[in-house]
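Letter by letter, the chains look like this.
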2 protein chains.
Amino acid sequence: MDDVARRAGVSRALVSLALRGSDKVSPASRAAVERAASELGYRPNLNARNLASKRTSTFGVLINDLHNPYFPAVVDGIKRAADEAGYRLVINSAFLDEDAEVAAIDAFVEFRVDGVILVGARCGAAAIERAAQAVPIVLVSRPLASDVVDTINNDDHLGAQLVVEHLVSLGHEHVCHVEGVTGAGGPERRAGYVETMERHGLEPHIQPGAFTEASGVDAAERALDDGRPVTAVFAGNDLSALGVLDVLDGRGLAVPGDVSLVGYDNTFVAALRHIALTTVDQNRQRLGALAVEALLERVEGGRTTARHEVIPPELVVRETTGPPRSLG
Amino acid sequence: MDDVARRAGVSRALVSLALRGSDKVSPASRAAVERAASELGYRPNLNARNLASKRTSTFGVLINDLHNPYFPAVVDGIKRAADEAGYRLVINSAFLDEDAEVAAIDAFVEFRVDGVILVGARCGAAAIERAAQAVPIVLVSRPLASDVVDTINNDDHLGAQLVVEHLVSLGHEHVCHVEGVTGAGGPERRAGYVETMERHGLEPHIQPGAFTEASGVDAAERALDDGRPVTAVFAGNDLSALGVLDVLDGRGLAVPGDVSLVGYDNTFVAALRHIALTTVDQNRQRLGALAVEALLERVEGGRTTARHEVIPPELVVRETTGPPRSLG
DNA sequence: CTCCGTTGTTGAAGCGCTCCAATCATTGTG
DNA sequence: CACAATGATTGGAGCGCTTCAACAACGGAG
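Residues numbered from 1 in each chain as written. Chains lettered and ligands numbered in written order. Predicted model: local features only at pLDDT ≥ 70, side-chain atom pairs only at ≥ 80, totals over all residues. Heavy atoms only, no water.

Undergrad: Teacher, can you tell me more about the interface of chain B and chain A here?
TA: Where interface size is given, it is often the accessible area lost as the parts come together that is meant. Tallying the contact residues gives 43 residues for chain B and 43 residues for chain A. For the pairing of chain B and chain A, the buried interface totals around 4300 Å² over both sides, and the portion due to carbon and sulfur atoms is 60%. Our count for the contact surface shared by chain B and chain A stands at 6 salt bridges. Between Asp246(B) and Arg273(A) there is a salt bridge, and its shortest N-O distance comes to 2.7 Å. Top contributing element to the side of chain B that touches chain A by residue count: strand β2 (residues 88–93) of chain B, with 6 residues. Considering only residue class, the side of chain B that touches chain A consists of 24 nonpolar, 8 polar and 11 charged. (Contact = heavy atoms within 4.5 Å. Buried area = accessible area lost by both parts, 1.4 Å probe. Salt bridge = Lys/Arg side-chain N within 4 Å of Asp/Glu carboxyl O. Helix = DSSP H or I, 4+ residues; strand = E, 2+ residues; numbered from the N terminus. Nonpolar A, V, L, I, M, F, W, Y, C, P; charged D, E, K, R; others polar.)

Undergrad: It is not clear to me how the sheet that holds strand β7 (residues 205–207) of chain B should be interpreted in this structure. Could you clarify?
TA: Across a sheet, paired strands are connected by hydrogen bonds in the backbone, their directions being either parallel or antiparallel. All names here are of chain B. Strand order across the open sheet formed by 4 strands is β7-β6-β8-β9, with parallel pairing between neighbours. Either end of the sheet is taken by a strand with one partner, and the two such strands are β7 and β9 (260–262). Sheet twist, expressed as the mean angle between neighbouring strand axes with direction ignored, is 20 degrees. With 3 bridges connecting them, strand β8 (residues 232–235) and β9 associate as parallel partners. Within β9, the position partnered with Ala-232 by the bridge is Ser-260. (Pairing = 2+ DSSP bridges. Axes fitted to C-alpha atoms, helices over the stretch in contact; angles between N-to-C directions.)

Undergrad: Teacher, can you tell me more about the protein's contact with DNA strand D here?
TA: Around DNA strand D sit 24 residues, and of these Ser11(A), Met1(B), Arg12(B), Ser16(B) and Tyr42(B) come closest. Within 4 Å of the protein, the atoms of DNA strand D are drawn from sugar and phosphate moieties in a proportion of 72%. Within the side chain of Ser26(A), a nitrogen or oxygen atom sits 3.1 Å from a phosphate oxygen of DNA strand D. In this structure, a base nitrogen belonging to DNA strand D sits 2.7 Å away from a side-chain N or O atom of Arg12(B). At the level of secondary structure, the elements contributing two or more residues to the surface near DNA strand D comprise α2 (12–19) and α4 (46–53) of chain A together with α2 (12–19) and α4 (46–53) of chain B. Of the residues forming the surface near DNA strand D, the biggest block, 4 residues, is contributed by α4(B). Taken together, the residues of the surface near DNA strand D break down into 12 nonpolar, 6 polar and 6 charged. (Near = heavy atom within 4 Å. Polar contact = N/O pair within 3.5 Å; in protein donor to acceptor, adjacent residues only side chain to side chain.)

Undergrad: Looking at this structure, I do not really get unusual backbone geometry. What am I missing?
TA: In most cases, non-glycine residues show a negative phi, while peptide bonds are predominantly trans. Residue and element names in this part refer to chain A. Cis rather than trans, the peptide bond between Val-255 and Pro-256 has omega equal to 5 degrees. Examined against the element boundaries, Pro-256 turns out to sit in the loop between α11 (238–250) and β9 (260–262). Look at Leu-96: it is not a glycine, yet its phi comes out positive at around 70 degrees. Considering the arrangement of structural elements, one finds Leu-96 in the loop between β2 (88–93) and α6 (98–111). The class of Leu-96 is partly exposed, set by a relative accessible area of 46%. (Buried < 20%, exposed > 50% of the residue type's maximum accessible area, 1.4 Å probe, protein only.)

Undergrad: What should I look at first to understand the relation of the copies chain B and chain A in this one?
TA: The two chain copies are connected by a rotation around an axis plus a translation along it. The two copies are related by a screw motion: chain B maps onto chain A through a turn of 180 degrees and a shift of 0.1 Å along the axis, at an RMSD of 0.2 Å. The operation mapping one copy onto its partner corresponds to a two-fold rotation axis. (Least-squares fit on C-alpha atoms with pLDDT ≥ 70 in both.)

Undergrad: Explain the protein's contact with DNA strand C here, please?
TA: Around DNA strand C sit 24 residues, and of these Met1(A), Arg12(A), Ser16(A), Tyr42(A) and Arg49(A) come closest. Put simply, 74% of the atoms of DNA strand C that lie within 4 Å of the protein are in sugar or phosphate. Between Arg20(A) and DNA strand C, the recorded distance is 2.8 Å, taken from a side-chain N or O atom to a phosphate oxygen. Among the secondary structure elements, those contributing two or more residues to the surface near DNA strand C are α2 and α4 of chain A together with α2 and α4 of chain B. Counting residues per element, the surface near DNA strand C draws most heavily on α4(A), which supplies 4 residues. In terms of residue class, the surface near DNA strand C is made up of 12 nonpolar, 6 polar and 6 charged.

Undergrad: Is there a simple way to explain the pattern of salt bridges in this structure?
TA: Two side chains carrying opposite charge are able to pair once their charged atoms lie near each other. Scanning all chains against the criterion turns up 42 salt bridges over all chains. A salt bridge links Asp106(B) to Arg43(A); the shortest N-O distance between them is 3.2 Å. Here Asp106(B), found in helix α6 (residues 98–111), pairs with Arg43(A), found in the loop between α3 (27–40) and α4, and the two come from separate chains. Residue classification places Arg43(A) among the partly exposed positions, given a relative accessible area of 28%. Between Arg303(B) and Asp150(B) there is a salt bridge, with its nearest N and O atoms 2.9 Å apart. Here the residue Arg303(B) occupies a position in the loop between α13 (284–299) and β11 (308–311), and Asp150(B) occupies one in strand β5 (residues 150–154), the gap between them amounting to 153 residues. One exposure class covers both Arg303(B) and Asp150(B), and it is buried. Look at the salt bridges and you will find they share partners, linking Asp150(A), Glu293(A), Glu297(A), Arg298(A), Arg303(A), Arg307(A) and Glu309(A) into a network.

Undergrad: What should I look at first to understand the sheet that holds strand β7 (residues 205–207) of chain A in this one?
TA: Residues and elements named next belong to chain A. Pairing is parallel across the open sheet formed by 4 strands, whose spatial order is β7-β6-β8-β9. In this open sheet, the two strands that pair with only one neighbour each are β7 and β9. Each adjacent strand pair in this sheet contributes to an overall mean axis angle of 20 degrees, direction not counted. Relative to β7, strand β6 (residues 175–178) is paired through 3 bridges, and the arrangement is parallel. Each residue of the ladder has a partner; that of His-177, found in β7, is Ile-206. Contacts from helix α9 (residues 186–199) reach β6, β7 and β8 (232–235) within the one sheet, and its direction differs from that of β6 by about 165 degrees. Sheet strands in contact with helix α10 (residues 213–225) are β6 and β7, and its direction is about 140 degrees off that of β7.

Undergrad: Is there a simple way to explain the side chain of Ser93(A) in this structure?
TA: Structurally, Ser93(A) can be placed in strand β2. Within the structure, Ser93(A) has its side chain in polar contact with the backbone oxygen of Ile63(A) (distance 3.4 Å). Looking at Ser93(A), its side chain comes within polar contact range of the main-chain nitrogen of Phe95(A), at 3.3 Å. When near neighbours in sequence (up to four residues on either side) are disregarded, Ser93(A) contacts Leu62(A), Ile63(A), Asn64(A), Asp65(A), Leu66(A), Lys79(B) and Ile91(B).

Undergrad: Please explain the packing of aromatic side chains as it appears in this structure.
TA: Given two aromatic rings, one states the distance between the centres and the angle between the planes to describe the pair. Applying the stated criterion across every chain, the model contains 6 aromatic pairs over all chains. On the numbers, 4.3 Å between centres and 5 degrees between planes, the contact of Phe59(A) with Tyr87(A) is stacked. Placement of Phe59(A) in strand β1 (residues 58–63) and of Tyr87(A) in the loop between α5 (71–85) and β2 is noted, with a sequence separation of 28 residues between them. For Phe59(A), a relative accessible area of 0% puts it in the buried group. Ring geometry for Phe111(A) versus Phe111(B): centroids 5.2 Å apart, planes at 85 degrees, classification edge-to-face. Residue Phe111(A) is found in helix α6, and its partner Phe111(B) is found in helix α6; the two belong to separate chains. The cationic tip of Arg189(A) hangs over the ring face of Tyr264(A); the distance from NZ or CZ to the ring centre is 3.7 Å. (Phe/Tyr/Trp six-rings, centres within 6.5 Å; stacked < 30°, edge-to-face > 60°. Lys NZ or Arg CZ within 6 Å of the ring centre and 35° of its normal.)

Right, dumping it as structure tokens:
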């Protein structure tokens, strides 16, 4: 930086101002500085800048599992909103390891990011609230009743309701739900399912599961061997729906001819033409954008109370749902 | 840090040493420092540390497109190797935008990361080589004949050869290849296909395409309407294979009964039981691990010449390949 | 009892930037 | 023509850490 200043014939302070586009720099010196900088191949040192200015203009984004096709769209939304607000992003993934998650959050704190977005974090609430004392934190896709961190979630209860309404309107009465016990939103989806079924005077039929393809396979086999009639399956997420689909195929049951199938999340797999799964879209881009908005409110707006946002999801009807055979 | 020093009754310098686990600190003062630090909730400032020590112990990882299911496994391998070597990771994604890619690389340089790993980067070679003057760079999944950056790739030529050998050994003579023109590795796969076909005295049949599902659909339709017989399709990657699969399904052609199908990459989609696509595994974890290794050789080993690694892929036979109907 | 090698500890000098108060140059006003 | 107001520029302090030469304390060898 000294070199740049000397070469441009100005002081270091002016170089700093010019390079950051301050408006109190004469066009002449700005040009001189820019020429000198590019001739010297000068790159400002972010560490020094962050240290001196006591802010990083950076948000940390922690993704619980990079492998999960659910996340990219959320990060997409975050990225777009952050770009617009002039913030940089630092992404990290914990690959499902809780300790790694906490370590990653700590790293964000040590780096002094201006805010942290946790997407689908699995780690304990205590660790999160502790970190929240040092930096604003917003949780996406993980409900948490806290008054120190913000949360942004889709309305899982409503999403499940949409699914059941759709199936019922097609004429289904025997809708089985493959729940996602541990996963985020699982309990809410289940509750929405049960409530809506009962409102229509139908008997809930729940098979335990997780948010994986394998659990979908198990649940489907149990459901079909159970004895109770099943004309439609509402899987807890797209991945488990694929497991169900496999079993249906394997048993020669046509979809949606014999059994209708619905997933949740609208991941790109559901959109593959060869699968064309009816599912629920959470509007993940919006989820990400709202997370950034919440952070900005705290960082630049000075908000200190927690904000808990719940946005409505949308049913995406594709080719795995239709009227039950008896009506067909 | 001053507070910690005072509370522990030692100097700031000693706090620094103790917190980084130096071995020339007495157990007594180490304990005192650690207690003081945790009581005060002290978090070292990474920016200050990086500035003072002139190294960050961090590698920057740039993923060309977060949405592509190809990448997570590579990052997984990188993460594991970096952890082991005591390096932190900073991940970023450009979402297919070349300018964003260059900007992200610049950001890595400004942050003074110790090394950069570009996974599937699309941006111009010039930009990469320029950045390479400031920081060691290794390219994964993007061949580039350069003597300033390292590259780590799978042997696409060999992979294609494995595919053709597999199909030929099943009895296929009419193997169509849906190429991936622009994508990384596309040309090499094509060349491997052509060469192996010709070695077996078979006539190559190539349909242009890209590495997307939609292009697979188009290519498959063209191939089937073309007039030439087709008993097997070798798609450039898994995604385009899914497009092909959809067309085959739509036309009532059984897979592999009427037509065999092979992809490339072994993404998790290929492994879905409902799809069970025969494909080629690049050993992406290894790719990532080798990238870290290459970086370490430069950073800690002082290597300055370029290293170009090509690792052999493996055929993964699932359920979309079988003997052609005429032999069945 | 002195001298020296260890081991543990410290003060101070940076690292490369930002930011503030102070300075200088210029223009407009009565 | 002096004086204030405005705009452009600068020197220097300071951000929170690491590093290194220098120093204190201490036991063992001569």
